[in-house]
Amino acid sequence: MQCRFFTDTHLASQRTPNRPLRFCEQAFDLIDECVTTCPPDFDVIVFGGDSIQRNPKKSKQYHIDLLKEFKRAVSPARVPFQYVSGNHEHDCFGDFNEIARHVGLPVENAVKDTADGHRLIFINDAFHQKGIPHILPFTQNTLDFVQKAVDEAPTRSITLFTHTPINDFDHYIDIVNGRDGDAEYVFRPNAKSMRDILENSGKNCLVVTGHSHYEICEHHNNIVYMGVQSLVEGVETPPQDNREIVHRRWADITRNGESDVLIRLHGYDSRDIILDFNNLPSSQIKAAPDQAPSLAAE
């Protein structure tokens, strides 16, 4: 199985003042570069959510036009394209069917089995209720969907894509609290329920997410958690450097057999992460020394 993953493009006509290192205005060209350079023998390109930058001061038509721009940017893809929604588009439209109509792609919980027996699971669930800033829990329908998808997987290889991370434990939650001040802007309150399904499955599970704009790779029990940096996030450089650098991050994921995983990170600080579920390293793998200056929650 080979797939390309990118996330958090935050497409907009210009940067928002409170996110000066989120290069929204470069998103269209970066998306085009990401999809057009994907090898044609890959199984799928997966987008991880927040395709647009929500702006409450702008009209609904403005956001519809942004979704159409995203659709136009990904249209050159030579392999199947899978869309996972983020909080920015969901909270703007409040309805996955409407998002799907404008972006021209299905936006729903879905399963894809590759020819070599790997199961990919894609999660789309509501994010916020109006006036409530914290993220909603996964619905029981979504948890049941994942349970069934995992139980019926043809092999032990599971890769789950969801916008918000579910590894709200150990040092990662401390990092999030330190950077954002409130983990409930980043994690769903019942993230453990999703983890329990995967941990109790006996499968080799890779969970790939965006949202936090914090890149990390760690493992716990039979789950590897890969949080991928935003495609458009800027990198902080020393003041004397006087440069603005965009991560232009995407990840190529290769799974051979049931145990081997290769995550090839493109863009700033590009490198390979090689994992074997039969022999995971004793220490966690922190993926990126240079992190975004702020989290996705707004």
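The preceding data block contains the structure.
Bear in mind that the values here come from a model prediction, so they are computed numbers and not experimental data.

K.L.:
When you look at the overall build of the protein chain in this model, what are you seeing that I'm missing?
P.N.:
Of the regular secondary structure elements, the protein chain holds 7 helices and 14 strands. A compact globule built from 298 residues should have a C-alpha radius of gyration of about 19 Å, and the protein chain, at 18 Å, falls within 12% of that. For the protein chain, contacts bridging at least 24 residues in sequence account for 68% of all contacts bridging at least 6. Accessible area of the protein chain: about 12100 Å², with a carbon and sulfur share of 47%. Of the charged side chains in the protein chain, 30 are positive and 43 negative; the average position of the first set lies 4 Å away from that of the second.

K.L.:
Could you clarify how one ought to interpret the sheet that holds strand E9 (residues 223-227) in this entry?
P.N.:
Strands pair in a sheet through their backbones, by hydrogen bonds, and they do so in one of two ways: parallel or antiparallel. Spatially, the 6 strands line up as an open sheet ordered E4-E5-E6-E7-E9-E8, and their pairing is mixed. The open sheet has two free edges, formed respectively by strand E4 (110-113) and strand E8 (216-220), since each of these has just one partner strand. Across the sheet, the mean angle separating the axes of adjacent strands is 15 degrees when strand polarity is ignored. Direction of pairing for strand E6 (residues 157-161) relative to strand E7 (residues 204-209): parallel, over a ladder of 5 bridges. Pairing of Phe161 across the sheet is with Val208, part of E7. Along the sheet face, helix H5 (residues 140-151) touches E4, strand E5 (119-122) and E6 and points at about 175 degrees away from the line of E5. Each of E6, E7, E8 and E9 is contacted by helix H7 (residues 191-199), which is oriented at about 135 degrees to E9, the strand it contacts most.

K.L.:
Looking at this structure, I do not really get the nonpolar core. What am I missing?
P.N.:
With 39 residues, the main nonpolar core has Phe6, Ile31, Ile45, Phe70, Phe81 and Tyr83 as its most contacted residues. Mapped by element, the contributors of at least two residues to this core are helix H1 (27-36), strand E2 (44-47), helix H2 (60-74), strand E3 (81-83) and helix H4 (96-103). With 7 residues, the single largest contributor to this core is H2. Phe122, Phe161, Val208 and Val261 belong to the second-largest nonpolar core, a separate cluster that totals 25 residues.

K.L.:
Could you clarify how one ought to interpret the packing of H2 against H4 in this entry?
P.N.:
For any two helices packed against each other, one specifies the crossing angle of their axes together with the interaxial distance. In contact at an axis separation of 8 Å, H2 and H4 are set at 55 degrees when each is read in the N-to-C sense. One way to sum up the angle between H2 and H4 is to call them oblique. On H4, the residues that touch Lys60, Ile64, Leu67, Lys68, Phe70 and Lys71 of H2 are Glu98, Ile99, His102 and Val103.

K.L.:
Where do I start with unusual backbone geometry in this structure?
P.N.:
Most of the time, phi is negative for any residue but glycine, and the peptide bond is trans. At Asp50, a position not held by glycine, the phi torsion is positive, near 60 degrees. Here Asp50 is to be found in the loop between E2 and H2. Residue class for Asp50 comes out buried when judged on its relative accessible area of 0%. Positioned with a positive phi, Asp269 is a non-glycine residue whose angle comes to about 55 degrees. Within the secondary structure, Asp269 is located in the loop between strand E13 (260-266) and strand E14 (271-276).

Conventions adopted
- Residues numbered from 1 in each chain as written.
- Predicted model: local features only at pLDDT ≥ 70, side-chain atom pairs only at ≥ 80, totals over all residues.
- Heavy atoms only, no water.
- Helix = DSSP H or I, 4+ residues; strand = E, 2+ residues; numbered from the N terminus.
- Rg over C-alpha atoms; globule rule 2.2 N^0.38 Å.
- Contact = heavy atoms within 4.5 Å.
- Areas by Shrake-Rupley, 256 points an atom, 1.4 Å probe, with all protein chains shown as cover.
- Lys, Arg positive; Asp, Glu negative; His and termini not counted.
- Charge placed at Lys NZ, Arg CZ, Asp CG, Glu CD.
- Pairing = 2+ DSSP bridges.
- Axes fitted to C-alpha atoms, helices over the stretch in contact; angles between N-to-C directions.
- Core = buried A, V, L, I, M, F, W, Y, C linked by side-chain atoms within 4.5 Å.
- Buried < 20%, exposed > 50% of the residue type's maximum accessible area, 1.4 Å probe, protein only.
- Parallel < 35°, antiparallel > 145°, perpendicular 65-115°, else oblique.

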